[in-house]
Amino acid sequence: FITVSAEAGLTDERILTASTGVTISDDGAGGNINVAVANNIRDKLLGMFFSGNITTAMLGEESRVYIPYLMAISDCRLVVTSSATGANITVNPRMFNASLLAGTALYLAANRPRVLTNQLIGSQNAAPAITNLHAGSYLGVDIDQVGSTVAGSNLTVTFVLRTS
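(A) Representation of unusual backbone geometry within the structure. Backbone geometry places Asn 118, a non-glycine residue, at a positive phi of 65°. Considering the arrangement of structural elements, one finds Asn 118 in the loop between strand 9 (114–115) and strand 10 (121–123).

(B) Molecular detail of the nonpolar core. Ranked by internal contacts, the top residues of the largest apolar core, which has 27 residues, are Phe 50, Ile 54, Leu 133, Ile 143, Leu 155, Val 157 and Phe 159. Looking at this core, the elements that each hand over two or more residues are strand 4 (43–53), strand 6 (71–79), strand 7 (89–96), strand 12 (137–146) and strand 13 (153–163). Not counting residues within four places of it along the chain, the set of residues in contact with Val 157 comprises Leu 46, Gly 47, Met 48, Phe 50, Cys 76, Arg 77, Leu 78 and Val 141.

(C) Looking closely at the side chain of Asp 75. The topology assignment puts Asp 75 in strand 6. At a separation of 2.7 Å, a polar atom in the side chain of Asp 75 contacts the side chain of Arg 77.

(D) Layout of the pairing of strand 12. Most of strand 12 sits out of view: seven of its ten residues are buried. For strand 7 and strand 12, the ladder comprises eight bridges, and the chain directions are antiparallel. If you follow Asn 92 over to strand 12, its bridge partner there is Asp 142.

(E) Representation of the pattern of salt bridges. By the definition in use, this model includes five salt bridges. A salt bridge links Asp 75 to Arg 77, with the nearest nitrogen and oxygen atoms 2.7 Å apart. Note on Asp 75: relative accessible area 15%, which makes it buried. Of the charged contacts, one joins Asp 142 and Arg 94 as a salt bridge, the two residues approaching to 2.5 Å between their closest N and O atoms. Linking Asp 142 in strand 12 with Arg 94 in strand 7, this pair joins segments that are 48 residues apart in sequence. Each member of the pair, Asp 142 as well as Arg 94, carries the same accessibility label: buried.

(F) Representation of a nonpolar patch on the surface within the structure. On the surface, Val 79, Leu 120 and Ile 121 cluster together into a nonpolar patch covering about 260 Å² of accessible area. Looking at the secondary structure, you find Leu 120 in the loop between strand 9 and strand 10.

Conventions used here
Residues numbered from 1 in each chain as written. Predicted model: local features only at pLDDT ≥ 70, side-chain atom pairs only at ≥ 80, totals over all residues. Heavy atoms only, no water. Helix = DSSP H or I, 4+ residues; strand = E, 2+ residues; numbered from the N terminus. Core = buried A, V, L, I, M, F, W, Y, C linked by side-chain atoms within 4.5 Å. Buried < 20%, exposed > 50% of the residue type's maximum accessible area, 1.4 Å probe, protein only. Contact = heavy atoms within 4.5 Å. Polar contact = N/O pair within 3.5 Å; in protein donor to acceptor, adjacent residues only side chain to side chain. Pairing = 2+ DSSP bridges. Salt bridge = Lys/Arg side-chain N within 4 Å of Asp/Glu carboxyl O. Patch = residues over 30% accessible without salt bridge, like charges linked within 9 Å, V, L, I, M, F, W, Y side chains within 5 Å. Areas by Shrake-Rupley, 256 points an atom, 1.4 Å probe, with all protein chains shown as cover.

Written out as structure tokens, the structure reads:
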């Protein structure tokens, strides 16, 4: 929430114009203008796609996305074209701070994002244990489980990241 002090006689319409996700109002107490920004206006979506039958050794698993400034993971969503049977499809999002490190798991094993057996969409089981992605780090995904009887195919992983 931001308060802007204006000179006498100026109105909020003459100073600022609201865009989507922003609310502007005059507090009625001497020319202060209140500007509120909705939380979701700061959300960024980041997606990764794994083509074909999902395996735990896919080359797409080696991709990393650069994080230019501090961001927090608020959600992770999964979708597949065909479902796995016998076991869930489970991914392990990781933050990489240096090229030689194995990466830091962002979720506890029980809470990792997953698509349940015979389903096409899935999400995180609980909030990540580590929510902040550091500026200059990289975000990647390891595939932990792909089903056992039949593997799923064409996995899309979407992160909702919130900037400060």
